[in-house]
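Residues per chain are reported as follows:
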Amino acid sequence: MHRTQHNTVEQPANGAPLLVLDDVVFERRSGFMLGPLTVTFHLGVSVVLGPNGAGKTTLFDVISGIEKPSSGRIVKADDQLLTVGYLPQLPRFPERATPRQFLEYVCWLHGVSKGDRKAAVNRALDRVGLSDRAADGIKTLSGGMQRRLGIAQAIVHSPDVVLLDEPAVGLDPQHRIELRRVLRELGREAILILSTHLVDEAALVGDRLIVLSGGQLAFSGTGAELASRASDDALGDTPLEKAFSTVLSMPQGRQS
Amino acid sequence: MYDVRTLFGPWVSIVILGAYAANLTQRGAPWRGDPLWSVEWLAITLFVVGPLVSAVSAVDAARLARPDGAYLIAPTRRRRRVFIRALLFCVVPAIGIHLFAYLLTLTFGHALSSLGDVLLGAAVLVQALSILWFGLLGSLLGRVLPVALAGLVGGVAAFSAIYALGLGSGGAARFALLNLGGASVPQIGLRYNTVYLLLQTTLFVLALMLFLAAPIKYREGRQSISPVAIPLGLFVVAVICASLLGPSDRKFVGPPIRPDNCHGVSPTICLYSEQSRVAASVDGSLRRIVVAAKSKGYAALAPERIEQRTSAYWPPRSVAWSLRVDPADVRKIAWVQEHAMPGLLLPDCEVLRSPEPPPARYLTDMRDLIATWSVVAGLPPVEDRGVVLSPAQVAQILDRWEECDL
């Protein structure tokens with residue numbers, strides 16, 4: 001299997017959180033294999049791109065702890081445990097509870113002290129624009145609102161790492177714009193990793209784009225760096241889409 | 001409030017409350033005044049509560065363990081506590097209701113003074129721990145089962161456990177973890193076996209520790225089976241060892257306790273003070289038939305001393321005649337002929353304890369003796385009157401019975 005990155009664990013320059021996937025491999029029973037993957041995530045917004053089945057969700061499951069790597073390790077540079085908040089593609093919410101009750105429960109799950117919970121919940125609700133629906137039943141929320149609640153539960157405990165799998169799905173244009181603002185804010189406080197199928201959307205918020213293909217790292221760099229890979233005859237309507245198609249069509253050994 | 005809205009566990013308390021209410025109001029609450037019987041009587045409800053708690057805990061655990069809910073649990077450092085919290089919302093109210101029901105039985109039985117009885121307290125603790133155990137069983141199974149199956153499997157597993165580790169093992173005269181009581185007849189004059197209760201407590205605590213130690217692991221989004229199978233397997237081994245090495249009797253230990261509340265002469269009638277509620281009625285009825293027999297020349301039917309009998313205490317007829325007293329029966333009109341007379345006349349013979357039916361002659365003799373005693377005491381005729389015997393015939397039958405020549 002081709003190795004795409006060096007195997008040395010990077011150290012943070014300024015004490016900021018750093019998430020390192022060190023030679024991580026995860027094999028599913030179906031035969032699908034993610035990795036070997038060596039990637040370092042810094043403070044900021046990293047966007048994971050890739051076609052269906054590329055391994056985006058698997059990567060998130062591995063980072064969140066749902067799946068244990070078959071080999072390799074996931075570490076913070078100073079070897080401390082990272083706190084993680086995760087919004088999967090298809091989360092299940094406790095429909096009979098209210099958003100406030102649900103978020104207080106999530107705070108309890110993550111060990112937020114009782115005295116800090118109310119403020120944490122209010123902050124999260126405010127960030128995703130659900131403060132006025134805090135006391136309504138979750139089942140009465142629209143699909144887009146539930147998506148925003150999902151984001152709130154991923155950030156309510158101020159985690160070091162926030163994983164958002166397709167966070168914009170179901171959001172109307174206005175809330176997509178608002179979401180970009182929230183994501184940029186979050187990127188200043190945490191290692192924010194999100195996935196999307198929308199390449200141009202990714203470049204708008206991502207400090208760094210990561211392209212997965214067949215469980216392998218196909219590209220890692222800025223939006224501008226990705227755009228520079230575009231070939232004229234590649235599929236796509238925009239330079240980034242063409243670049244994305246170009247990266248995916250490249251043989252594994254030539255990718256970086 | 002979140003848990004009340006999202007879990008089934010807290011709501012099962014309503015059903016449990018109904019089960020205890022039904023239990024405590026059955027048959028005129030004959031357990032009143034007998035603290036040990038109160039504890040045993042309460043245990044009858046556990047045959048319903050156990051499977052119910054197990055089933056509901058399994059459903060709640062299965063709902064928490066669903067793959068689409070893993071995003072909440074997997075990233076936390078409190079994976080186990082999620083399941084413990086859900087379990088507690090089911091078992092704590094159930095245990096609370098059980099303890100409250102126990103307090104009610106003591107209050108209505110005017111036996112609150114027995115709250116200080118350590119062995120009774122230990123027996124109630126074992127029952128409370130059993131409710132926790134049923135919850136643990138369901139919760140463990142629920143982790144690895146789909147929601148649709150979890151409740152059914154949890155309930156069936158609990159019923160099976162009750163049979164395998166309780167009812168079904170009773171006949172084998174071995175230690176049985178889920179021998180929690182359930183007596184519907186008086187348990188007066190008995191006491192609990194400390195070793196038995198300690199062993200039950202130890203096993204329940206072991207189950208709790210194994211549950212707490214079982215890690216929550218995921219594989220392909222679902223919870224791994226091994227963290228569930230290993231503690232269950234270890235627990236089964238522990239239970240098997242305990243059943244082989246543990247004591248066989250949960251009660252009936254130590255020297256039999258004799259009835260301590262004695263009144264009158266010729267006959268002197270001794271009952272247990274716990275049943276003072278019915279003592280006057282029993283004493284009056286017995287004295288009447290004995291005095292009548294004596295006055296009409298049936299000396300063989302006029303013992304000098306009558307004592308209340310238990311499953312542990314049965315005095316030889318040379319010391320005292322004896323009978324069991326069930327307060328639920330004393331209220332019946334024909335109690336003297338249907339319960340008191342047969343009880344007093346019953347010989348202490350092994351053949352009558354065997355599963356084989358007693359000899360036909362014995363049954364005829366018993367019928368004739370009761371008929372005779374009824375006539376002598378001026379009681380209304382029994383349905384199957386039998387033959388009225390002479391004093392000599394009565395004495396002859398009782399002499400034969402004394403030798404277990406039935």
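The model shown is predicted, which means the values in this text are computed figures rather than measured ones.

A. Seen up close, the domain arrangement of chain B. All names here are of chain B. Under the domain assignment, chain B is made up of domain 1 (2-253) and domain 2 (261-402). A straight line from the C-alpha centre of domain 1 to that of domain 2 covers 42 Å. The partner domain 2 presents 13 residues to the 16 residues of domain 1 that form the contact. Where domain 1 abuts domain 2, roughly 1,100 Å² becomes buried across the two surfaces, and 57% of that area is made up of carbon and sulfur atoms. Among the ionic pairs, Asp326 bridges to Arg27, the shortest N-O distance being 3.2 Å. Counting the contacts that link domain 1 with domain 2 gives three residue pairs in polar contact (both at pLDDT 80 or more). For the side of domain 1 that touches domain 2, the per-class residue count stands at nine nonpolar, four polar and three charged.

B. Quick look at the environment of Leu186 of chain A. Residues and elements named next belong to chain A. Of note, Leu186 is situated in helix 5 (residues 173-189). By relative accessible area, Leu186 is classed as buried at 3%. With eleven residues separating them in the primary sequence, Leu186 and His175 have C-alpha atoms 16 Å apart. With residues up to four places along the chain from it excluded, the contact list for Leu186 reads Arg127, Ile155 and Leu192.

C. A look at unusual backbone geometry. Cis geometry is adopted by the peptide bond preceding Pro267 of chain B, which originates at Ser266 of chain B and carries an omega value of 5°. By secondary structure assignment, the location of Pro267 of chain B is in the loop between strand 3 (261-263) and strand 4 (268-271). We note that Glu166 of chain A has phi near 55°; this positive angle belongs to a residue other than glycine. By secondary structure assignment, the location of Glu166 of chain A is in the loop between strand 6 (161-165) and helix 5. Judged by relative accessible area, Glu166 of chain A falls into the buried class, the value being 9%.

Cut-offs and rules
Residues numbered from 1 in each chain as written. Chains lettered and ligands numbered in written order. Predicted model: local features only at pLDDT ≥ 70, side-chain atom pairs only at ≥ 80, totals over all residues. Heavy atoms only, no water. Domains from an automatic or database assignment. Contact = heavy atoms within 4.5 Å. Buried area = accessible area lost by both parts, 1.4 Å probe. Salt bridge = Lys/Arg side-chain N within 4 Å of Asp/Glu carboxyl O. Polar contact = N/O pair within 3.5 Å; in protein donor to acceptor, adjacent residues only side chain to side chain. Nonpolar A, V, L, I, M, F, W, Y, C, P; charged D, E, K, R; others polar. Helix = DSSP H or I, 4+ residues; strand = E, 2+ residues; numbered from the N terminus. Buried < 20%, exposed > 50% of the residue type's maximum accessible area, 1.4 Å probe, protein only.

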